[in-house]
Amino acid sequence: MRADLLSDTVTRPGVAMREAMATAVVGDDVFGEDPTVRELEDRVAGLLGHEAGLFTPTGSMANQLGVRLHVKPGEELVGDSLAHVLRAELGAAAILSGISSRTWVSQRGRFRADDAASLMITGVGPYQVCTALVIVENTHNFGGGTIQPLEEIQRARQLTRERGVAMHLDGARLWNAHVATGVPLDAYGREFDTVSVCLSKGLGAPVGSVLVGSREAMAEARVWRKRFGGGMRQAGILAAAGLWALDHHIDRLSLDHGRARRAAEAMAAAVPGSVDLSTVETNIVIVDVAVAGWSGADFVAAALARGVRTYAVGPGAVRLVWHLEVDDDATDHAVEVLTALLAEGPAASVSA
Ligand SMILES: Cc1ncc(COP(=O)(O)O)c(C=O)c1O
């Protein structure tokens, strides 16, 4: 028995998704001739309450296109210090677009309009860097699947609009926020100038993200996508997987959320202090392995040796992510292995 809780990106397409890919009607998308890509772009734009969409190979590219649209070289974006755009896109905004950034420190990635407002600087002419963009991530990956409060987003929207600052949503896991809260996707989407969503996380497609925004913004993003090397040809083969995922894999995210919660409750009961249940909101659980004397890296190695793959997100913190390849049995196995390791502590495991 194995359980792969490394990330919701590890899923492999099933037979039905592969069939949809194999039979997709395709064309050259750089010439705008791929009907399946068009269908996906229109569908996602509609779901998120925007005029147009653009299919991209990755979430990072969709985010970087969003950033590029709103921020000129020499201006800045602001976001929280754990945001994927700032922490895990390897300096892309600076390297590809000449954009600087500043961050606020959040509680597990939770977005507060006041944090964004405290950093925004506008109308300072040639003396200071001007803030052009606020980034919000929903759900928040390194924060542990944190759902962003719609009221805070709406308040930020008002504050940024008054100051002429744009807002981009990194919605790689917006599907999870939608399923967990029942807030319609477009209620989140309409608060932002651009939104990126991933098809390759919880939705289980092998490749692909979509950026949405105004028709004009997406026409400009299409130019930048080509410039960034993301103009794809018969990409309908990939878009077909995304369409299939939209039809079949959104509602089932509640299963991932339920299993994550069940596992978190079992671990918290077995080893008090290991999981703060108030932080388990979607498909991600952060385990405080330091309470049992473990370092994150050693715990990950020990769990892997017993068939459970996890990821260290801090010196004493390990992330577990549920997805469509972790069923009830794999969840039970993971709980058994991880609680045993926490109870044993590192010394027992080394000598075992
Ligand atoms: C919140 C968030 N945004 C963006 C991305 C980037 O997606 P990709 O790996 O497709 O570039 C990820 C990837 O894990 C993510 O977690």
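Up top is the structure these notes are about.
What counts and how
- Along each chain, the written sequence defines residue order, and numbers are assigned to residues from 1.
- Restriction of local features to residues with pLDDT of at least 70 applies here, the model being predicted, together with a cutoff of 80 or more for giving and counting side-chain atom pairs; totals for whole chains, interfaces and linings are based on all residues.
- Hydrogens are left out, water is left out, and the side-chain values use all remaining heavy atoms of the structure.
- Numbering goes from the N terminus for both helices and strands, where a helix is a DSSP run of H or I of at least four residues and a strand is a run of E of at least two.
- Each radius of gyration reported is based on C-alpha atoms, and the globular scaling rule is 2.2 Å times the count of residues to the power 0.38.
- Burial classes: relative accessible area under 20% of the type maximum marks a residue as buried, over 50% as exposed, and values in between as partly exposed (1.4 Å probe, protein chains only).
- At least two bridges found by DSSP between two strands are what make those strands a pair.
- All axes here are fitted lines through C-alpha atoms, helices being fitted over the stretch that makes contact, and every angle between N-to-C directions spans 0 to 180 degrees.
- Centres within 6.5 Å make a pair out of two Phe, Tyr or Trp rings, where for Trp the six-membered ring is used; the pair is then stacked when the planes are under 30 degrees apart, edge-to-face when over 60, and tilted otherwise.
- Working rule: Lys NZ or Arg CZ, within 6 Å of ring centre, within 35 degrees of ring normal, means a charge sits over the ring.
- Whether a residue is near a molecule or strand depends on its heavy atoms: if one lies within 4 Å, it is near.
- Identification of polar contacts relies on pairs of N or O atoms within 3.5 Å, with a donor-acceptor requirement for protein atoms, meaning one able to donate a hydrogen and the other able to accept it, and with residues adjacent in sequence counted only if both atoms are side-chain atoms.

A. Seen up close, the overall build of the protein. Along the backbone of the protein there are 14 helices and 12 strands. Relative to its length of 352 residues, the protein is compact, with a C-alpha radius of gyration of 21 Å against a globular reference of 20 Å. Based on the C-alpha atoms only, the size of the protein along its principal axes is roughly 60 × 55 × 35 Å. A total of 352 residues make up the protein; the buried ones form 55% of that total.

B. Expanded view of the sheet that holds strand β6 (residues 166-171). Spatial strand order, β2-β8-β7-β6-β5-β3-β4: seven strands in an open sheet with mixed pairing. The sheet is open, and its two edges are formed by β2 (52-56) and β4 (100-104), each paired on a single side. With direction set aside, neighbouring strand axes in the sheet form an average angle of 20°. The sheet contact formed by β6 and strand β7 (residues 194-198) spans four bridges and is parallel. The residue bridging His168 from the neighbouring strand is Thr194, located in β7.

C. Local environment of the packing of aromatic side chains. Counted under the stated rule, the structure contains three aromatic pairs. Between Trp104 and Phe111, the ring centres sit 6.0 Å apart and the planes meet at 55°, which makes this aromatic pair tilted. Judged on exposure class, the residue Trp104 and its partner Phe111 are both buried. Both rings, one in Trp224 and one in Phe228, keep their centres 5.8 Å apart while their planes meet at 55°; by these two values the pair is tilted. The ring of Trp224 is capped by Arg68, whose NZ or CZ atom sits 3.8 Å from the centre of that ring. The positively charged end of Arg87 is found above the aromatic ring belonging to Phe142, 4.6 Å away from the centroid.

D. Just the site of the ligand, in detail. Surrounding the ligand, one finds Thr58, Gly59, Ser60, Asn63, His84, Glu89, Glu137, Asn141, Asp170, Ala172, Arg173 and Lys201. One of the backbone nitrogen or oxygen atoms of Gly59 is found 2.8 Å away from an oxygen atom of the ligand. Taking Asn141, its side chain carries an N or O atom lying 2.8 Å from an oxygen atom of the ligand. Top element by residues in the shell around the ligand is helix α3 (residues 59-70). It accounts for three residues.

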